[in-house]
Amino acid sequence: METTQITETINMVAEEHLDIRTVTMGISLLDTVAGTPAATAKNIYDKITTYAKDLVAVAQQIEREFGIPITNKRISVTPIALIAGKATPDDMLLYAHALDDAAKTVGVDFIGGYSALVQKGFANGDLALVKSLPRALTETDLVMSSVNIGSSKAGINLDAVKLMGETIKAITDKSDTANAKLVVFANAVEDNPFMAGAFHGVTEADVVINVGVSGPGVVKRALEKVKGEPIHIVAETVKKTAFKITRVGQMVGALAAERLGVEFGIVDLSLAPTPARGDSVAEVLEEIGLEMVGTHGTTAALMLLNDAVKKGGVMASQRVGGLSGAFIPVSEDAGMIDAVEAGILSLAKLEAMTAVCSVGLDMIAVPGDTSATTIAAMIADEAAIGVQNNKTTAVRVLPTNGTKVGDMVDYGGLLGTAPVMPVVPKSSADFINRGGHIPAPIHSFKN
């Protein structure tokens, strides 16, 4: 690297919040199935602790060598419902605890993959996993869960949507914060290193390293240098900055994979904020020219940002994957919280923004008395955006008993603090209770 590039990277780390948000080891559990759930749980624990025993140490060594923070070390595994067979909900808890125990043994921050893929229907393992979620997510500390209820090829499983609304409410009755560990997807991807939605897809290699890079602060600082310039200059600046950020992620991921003796998977170049000032996607959008995120023009600015990030990242790495783009979680973004508290950013505007960003309604606190069918309808709306537009969308909605609009709920650490947002006070129950399957859109038929 040239001297100027080295200096530039040091500045990005020291002053602009550049970090490797996560190094995530994906581990296939397809070969852990045994004759009994207890034996399978033991195999799960043994495989994870064998392959991931040096993950944290290697990541820390790379941090020291290059001075680049790696915020989280994580594991993702095969969707557990796929190996559940005839397991009961109580059996599933053995797997949840095996994951939690393994994650604690190797010292990672989270483990994802307590997951089910039900876009076309339920198998026994899928239902057992979903029914186990209230206990699994409250009895474990590090386990993250996801359920995929729709896809552009399959349509939307409205029975699953209804069940997830009920499940989220059941989790709320056990814990104020456990729903932060559950995300409901449409078009979930198999190589996502970000939590809570990470799982290791069945088309992946046995063990891989995926890296998630984040740099909203770096992008904001770069945009400060082009104030007043035409919008195509803004796009070009974001693209060049995303290129530099992604090169750092590519280097870290390749090094980690080599030292751990496993395959290198992908770089996910998402702009993922934290609650810290200066590390906010909302502040990037405001630097583009919005007085406050949520005002008119927000969706257009977010589209530009997301597209430019992807273009820059694809040029920098042959292996871009995951979700890759801009995240807009309310609780994890200081600028988003400001906009909600000011009454400028609403659920309706957030939903519009999800049509052009990487994920969906993420880390949204709603009143504790929000009904299960209303939550299910929020999931259905997001799934519709994803299915129709052939993109990933998701919902991580957080009802908390005893809260009302304007209250603040603290989820801790990187999960941040969310202001409780109002929902529309009209029922969607008759729609959700119809059940059945929303057909895939006509453009999904490509054979």
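Residues numbered from 1 in each chain as written. Predicted model: local features only at pLDDT ≥ 70, side-chain atom pairs only at ≥ 80, totals over all residues. Heavy atoms only, no water.

Enquirer: Quick question: what am I supposed to make of the pairing of strand 10 (residues 393–400) here?
Expert: Here is the key point about a regular strand: its side chains alternate between the two faces of the sheet. With eight of its eight residues buried, strand 10 lies for the most part within the structure. Every second residue of strand 10 is oriented toward a common face, with T393, V395, V397 and P399 on one face and A394, R396, L398 and T400 on the other, all of them buried. By the bridge criterion, three bridges tie strand 6 (residues 182–186) to strand 10 in an arrangement that is antiparallel. The residue of strand 10 that forms the bridge with F185 is A394. Two elements, strand 9 (residues 361–367) and strand 10, share six bridges in a ladder whose sense is parallel. By the bridge assignment for strand 10, P367 is matched with T400. (Buried < 20%, exposed > 50% of the residue type's maximum accessible area, 1.4 Å probe, protein only. Helix = DSSP H or I, 4+ residues; strand = E, 2+ residues; numbered from the N terminus. Pairing = 2+ DSSP bridges.)

Enquirer: Honestly, the side chain of S145 in this entry has me stumped. Any pointers?
Expert: Tracing the backbone through its elements, the reader meets S145 in strand 4 (residues 143–151). Look at S145 and you get buried, because its relative accessible area is 0%.

Enquirer: Help me understand helix 11 (residues 334–341) in this model?
Expert: For the α-helix, the turn length of 3.6 residues means that residues three or four positions removed from each other point alike. For helix 11, the tally of buried residues reaches six of eight residues, placing the bulk of the element in the interior. Looking at helix 11, one finds that the buried residues are A334, G335, M336, I337, A339 and V340. Those residues of helix 11 hidden inside the fold are in contact with helix 9 (281–288), helix 12 (347–353), strand 11 (408–410) and strand 12 (417–419). Among the residues of helix 11, the N-terminal cap falls to D333, whose side-chain oxygen and the backbone nitrogen of G335 are separated by 3.0 Å. Phi turns positive one or two residues past the end of helix 11, at G343, with a value near 80°. (Contact = heavy atoms within 4.5 Å. Polar contact = N/O pair within 3.5 Å; in protein donor to acceptor, adjacent residues only side chain to side chain.)

Enquirer: Would you mind showing me how to read the environment of H296 here?
Expert: As for its placement among the helices and strands, H296 is situated in the loop between helix 9 and helix 10 (298–316). Judged by relative accessible area, H296 falls into the exposed class, the value being 75%.

Enquirer: What am I meant to see in the side chain of N210 here?
Expert: When you line up the elements, N210 lands in strand 7 (residues 207–214). One polar contact links the side chain of N210 to the main-chain amide nitrogen of I266, over a distance of 2.9 Å. With residues near it in sequence (within four places) discarded, N210 still touches T22, V23, T24, D191, P193, G265 and I266.

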